[in-house]
Amino acid sequence: MLLLVLAGGLALTALVRWFWASGDPTADLVLQLKTAEHGGLSLAIPGEPAPLFSERPSYDRLTVELEPGAKEAFITATLDLQGNLGETEVHSLGFERVRFLRDGRGWKAPEGLAPVLTKVVAALCARRRALEAGKVPALAALAAQTEDQARADPALALLLAVRGRKYLVKGWYVRVERDAVTVSEDYRLTGATPERPVDEEKTRRLELRPDAHGEFYFARGLM
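Residues numbered from 1 in each chain as written. Predicted model: local features only at pLDDT ≥ 70, side-chain atom pairs only at ≥ 80, totals over all residues. Heavy atoms only, no water.

(A) Geometry of the side chain of Thr 88. Tracing the chain through its elements places Thr 88 in strand E5 (residues 88-103). Thr 88 gets classed as buried once you look at its relative accessible area, which sits at 7%. There is a polar contact of 2.8 Å between the side chain of Thr 88 and the backbone oxygen of Val 169. When near neighbours in sequence (up to four residues on either side) are disregarded, Thr 88 contacts Gly 83, Val 169, Lys 170, Gly 171 and Trp 172. (Helix = DSSP H or I, 4+ residues; strand = E, 2+ residues; numbered from the N terminus. Buried < 20%, exposed > 50% of the residue type's maximum accessible area, 1.4 Å probe, protein only. Polar contact = N/O pair within 3.5 Å; in protein donor to acceptor, adjacent residues only side chain to side chain. Contact = heavy atoms within 4.5 Å.)

Below you can see the structure in the form of structure tokens.
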């Protein structure tokens, strides 16, 4: 009897998904986001060995953009997320825009279910790796600066003077607007200068903006 009930439940779920995908495309799009709210959201971050994972993301204020017969659709929403990327806690709230492509009778999101946040975190991770490695060209590119401009930042110069440095980010607290992103970064810098050992724990304020290609750069400097 239990097997019959389980089989019936699976069949009903499949039927509901088929009906939504074929009868009302917007329902299938919304369903994917709502499924992530209960099943968790895993975001692959370029350059990072582990994904950003959140057990219970929350999408709100959903707006579906879908023309009749179109093969591309978008959902604009507010995403509230708390998760972990390795040792780093990530808390994010704000604007998200998800692109979907028709895939047979259903839809898929080729850039994932949080592409805006993924790009923001990717930029933050690239900066963290470049700070620790002392890669000034990479840092300059992340801030849309020349290398000379990047080296002229006294805070960056002090950090680069630390030998054997480790730059651990304990937490990123992200606010995403349509045209700007503000971040509070809790970090710990360890290492040594010729004069003394260094063990510094502070919070930085960062601002990112999207460029013409939708990638994010540090609009008010790296530090």
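Structure shown, so let's carry the discussion forward.
(B) A look at the side chain of Thr 118. Checked against the element boundaries, Thr 118 lands in helix H3 (residues 115-133). For Thr 118, a relative accessible area of 13% puts it in the buried group. Those residues within four positions of Thr 118 in sequence are excluded, and the remaining contacts are Leu 43, Ala 44 and Ile 45.

(C) How the structure looks around the nonpolar core. Residues Leu 52, Tyr 59, Phe 100, Leu 113 and Trp 172 are the most contacted members of the largest nonpolar core, which totals 57 residues. In terms of residue count, H3 provides more of this core than any other element does, 10 residues in total. Apart from the residues within four sequence positions on either side, Leu 113 is in contact with Gln 32, Leu 33, Ala 36, Leu 41, Tyr 59, Glu 96, Val 98 and Phe 100. (Core = buried A, V, L, I, M, F, W, Y, C linked by side-chain atoms within 4.5 Å.)

(D) Broad picture of helix H2 (residues 25-39). With 15 residues, H2 ought to run about 21 Å at 1.5 Å a step, and its terminal C-alpha atoms sit 21 Å apart, in line with that. Listing the buried residues of H2 in full gives Ala 27, Asp 28, Leu 29, Leu 31, Gln 32, Leu 33, Ala 36 and Glu 37. Following H2 by one or two positions, Gly 40 adopts a phi angle in the positive range, close to 95°. (Expected span 1.5 Å × (residues − 1).)

(E) The arrangement of the pattern of salt bridges in detail. Within this structure, the stated rule accounts for 13 salt bridges. A salt bridge links Lys 34 to Glu 37; its shortest N-O distance comes to 3.4 Å. Of this pair, Lys 34 and Glu 37 are both found in helix H2, 3 residues apart, which corresponds to roughly one turn of the helix. Residue classification places Glu 37 among the buried positions, given a relative accessible area of 12%. Asp 199 is the salt-bridge partner of Arg 188, the closest N and O atoms lying 2.7 Å from each other. Of this pair, Arg 188 sits in strand E8 (residues 181-192) while Asp 199 is found in strand E9 (residues 197-210), placing the two residues 11 residues apart along the sequence. Owing to a relative accessible area of 33%, Arg 188 belongs among the partly exposed residues under this scheme. Look at the salt bridges and you will find they share partners, linking Glu 48, Arg 128 and Arg 129 into a network. (Salt bridge = Lys/Arg side-chain N within 4 Å of Asp/Glu carboxyl O.)

(F) Fine view of the pairing of E8. Bridge count between strand E7 (residues 163-176) and E8: 11 bridges; the pairing is antiparallel. Bridged to Val 169 within E8 is Tyr 187. Between E7 and the antiparallel strand that follows it, E8, lie 4 residues. Summarising the sheet, E8 and E9 pair through 12 bridges and their orientation is antiparallel. Residue pairing for E9: Ala 192 is matched across the bridge by Pro 197. What sits between the antiparallel neighbours E8 and E9 is a turn of 4 residues. (Pairing = 2+ DSSP bridges.)

(G) Geometry of the environment of Ala 36. Note that Ala 36 resides in helix H2. With near-sequence residues (within four places) excluded, Ala 36 lies in contact with Leu 41, Glu 55, Pro 57, Tyr 59 and Leu 113.

(H) Inspection of the confidence of the model for the protein chain at higher detail. Taken as a whole, the protein chain shows an average pLDDT of 90; of its residues, 90% reach a score of 70 or greater. Across residues 1-22 the pLDDT falls below 50, and counting only partners more than four positions away or on other chains, this stretch makes 12 contacts in the model. (pLDDT = per-residue confidence, 0-100.)

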